[in-house]
Amino acid sequence: MKKLLALALALCMVLSAMPALALDLLPAGDTYPLNSDKVITWYNQNNINPHEKFASADESPFHTGLEKIFGVDIEWIFPTTGSNDSAYTQVLLADPTDLPDIMGGYFSANASQYIDDEIIWDLTPYIAEYAPAYYAFLQSHPDYDKAMKTDDGKYYSFGFFREDGGWNDSYQGPVVRTDWLDECCLTVPKTIAEFENVIRVFNEKYGAKFDSGYGSRWKQCGLAGAFGTYANSVLDYAWYVKDGKVGLSQADEGWRSYLSWLNGLWTEGLIDQDILSEDDTTIKTKVHNDLCGIALTSMGQMNNWNKERVSAGKEPVWMGIPYPTDNEGNITAIFGGLGIGSQTNVVTKCADEDTMKLCLQMLDYAFTAEGFLYWNYGEENVSWVMGDDGIPKFTALVTDDADTDPMTKYNGTTWGREGIQATNLLYLKNSQAAIEANDTWFYLFGKDEYFSDPAVYEKTLDVTGRWRFPSSITYTTEESDELDLIAANLGSFVEQSYAEFLNGTKDINDDAVWQTYLNGLETYNLSRILEIRQAAYDRYAAR
């Protein structure tokens, strides 16, 4: 056990190229296997479903491996194929008398209500004793501890965290074809004016257009930060906090300026007019047919674009470029976060007290030194080995596997669920060009400066995540009930308005049209929603 702890600590030290958490994790000791005759039902809304090659968890090395480690039979439950995963969770919650013992989903907003209604356990009296590794981890990271409690200090969940504290939360951003930059005698754009110039030159020379996959890439943030605002078209990403005050990006003048700019590009035919329906598959076709030379995508997708070019006998030409600033070098936001996932794992009241304690011991494993390695890499000497440099490396079982994301057959933190995602896992998963792209997006004001200058460090965090309305905020039962009544349709109105402003159906530059839109926000109760969110944020800040 001491050896495994030392390895985990060595891993943390070696990854000093990133501002990693102090992973002084407790060893599992003699806790495992637990050797219980109970059968634990464990539901996961997403992220650790069995790999697509497996018919069920019974075939999955990761899931069966956990059962072996625990000495506990687990009945894994996932949303049915083709169903909406969040809707599936709500169907389960509709009958609180028949819930799985453990539920992995998104419970923070309504956690207080779930405790009051005796749907989930208040873990506060038990967590230090039955989840000592997790409790110690939280005590050593006060910001994460605050995020895992209700406003009145009750622990209710096990969270997901990134070892680096936020670097990989900025996993998508602008990319460009370097061969076209060279052919056109252009440099990497830094300001929004330079970015627009690249779009124009590529369109004039190659007939290419700016593009992005909408649903999973473009709609959250886009390039809004260059206009002094925070989000693109969807509501969930648009709530921000500035100087302690909660706001909505799509009600700001900066957002109006951003949409005016986008509409200008749209009108001139410089944006691919499929962007509102584009996905990773359809944009890839255009990328490989030279119909796009500057885009916004993820590090993984850029990696795929380059790999597929190489497979076709071409050079890998895509690289990440910085999010554009305004013309004075200012930027308010990029797609990012602070390393705290929105996923949570709760224990439901359908588990009796003894079963709840067993569940805590099982959930605690991911936060032990041994569990950190298992959740990130799988079983040692099977899917990974420790390198001579003290850093885990996947074996040929993974590296020679041609399936999509083969490491997810053996590990549980590639996408997030519970535990601490190792930065090294992301290095192993992605190419050097993709890692450099992520560096480019995150280290907005210089990588060396980020590590050496406290002012740059703070400024970076302000832009990459501190502006976001915390996902771990909890509402009171009364607030949750009111939001259910008044907030359901605001998001649809905002996203529809975004599309109409973008394509010119509604003139974003007409003051009367803009005012009508703002009035429309009020018909969907924006002011009252902001009041509720402000009160919830104030309580969160005071935890």
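The paragraphs below set out a description of the structure included in this document.

Thresholds applied
- Residues numbered from 1 in each chain as written.
- Predicted model: local features only at pLDDT ≥ 70, side-chain atom pairs only at ≥ 80, totals over all residues.
- Heavy atoms only, no water.
- Helix = DSSP H or I, 4+ residues; strand = E, 2+ residues; numbered from the N terminus.
- Buried < 20%, exposed > 50% of the residue type's maximum accessible area, 1.4 Å probe, protein only.
- Polar contact = N/O pair within 3.5 Å; in protein donor to acceptor, adjacent residues only side chain to side chain.
- Contact = heavy atoms within 4.5 Å.
- Core = buried A, V, L, I, M, F, W, Y, C linked by side-chain atoms within 4.5 Å.
- Salt bridge = Lys/Arg side-chain N within 4 Å of Asp/Glu carboxyl O.

A separate point is the side chain of R177. Mapped onto the fold, R177 is located in strand β5 (residues 172-177). Judged by relative accessible area, R177 falls into the buried class, the value being 4%. Only 2.7 Å separates the side chain of R177 from the side chain of D179, close enough to count as a polar contact. Beyond its immediate chain neighbours, meaning those up to four positions away, R177 contacts F202, D290, C292, G293, R309, V317 and W318.

Okay, the environment of L265 next. Relative to the assigned elements, L265 resides in helix α11 (residues 253-267). In this structure the C-alpha to C-alpha distance between L265 and D326, which are 61 residues apart in sequence, comes to 17 Å. Beyond its immediate chain neighbours, meaning those up to four positions away, L265 contacts E196, I199, L270 and I271.

To continue, consider unusual backbone geometry. That bond from Y32 to P33 is cis: its omega, 5°, falls within 30 degrees of zero. Turning to its location among the elements, P33 is positioned in the loop between α1 (2-14) and β1 (39-44). Within the chain, E118 stands out as a residue other than glycine whose phi angle is a positive 55°. For E118, the location among the structural elements is in the loop between α4 (111-116) and α5 (127-130). Even without glycine at this site, N525 takes up a positive phi of about 70°. Summarising the element assignment, N525 is placed in the loop between α23 (511-523) and α24 (526-541).

Right, let's talk about the nonpolar core for a bit. Residues F70, F210, W218 and Y258 are the most contacted members of the largest nonpolar core, which totals 154 residues. Counting residues per element, this core draws most heavily on α11, which supplies seven residues. Excluding anything up to four places from it in sequence, F210 contacts F195, I199, W218, L223, L270, I271, D272, I275, I294, A295 and L296. Ranked by size, the runner-up nonpolar core spans 14 residues in total, among them L99, Y114, I115 and V346.

Another point: the pattern of salt bridges. Two side chains with opposite charge may pair up if their charged atoms get near one another. Counted under the stated rule, the structure contains 29 salt bridges. The residue R466 makes a salt bridge to E458 at a minimum N-O spacing of 2.5 Å. Of the charged contacts, one joins E531 and R528 as a salt bridge, the two residues approaching to 2.9 Å between their closest N and O atoms. Remark: R528 and E531 occur in helix α24; sequence separation between them is three residues, near one turn of the helix. The class of E531 is partly exposed, set by a relative accessible area of 47%. Since its relative accessible area comes to 35%, R528 is described here as partly exposed. Look at the salt bridges and you will find they share partners, linking K53, D401, D403 and K409 into a network.

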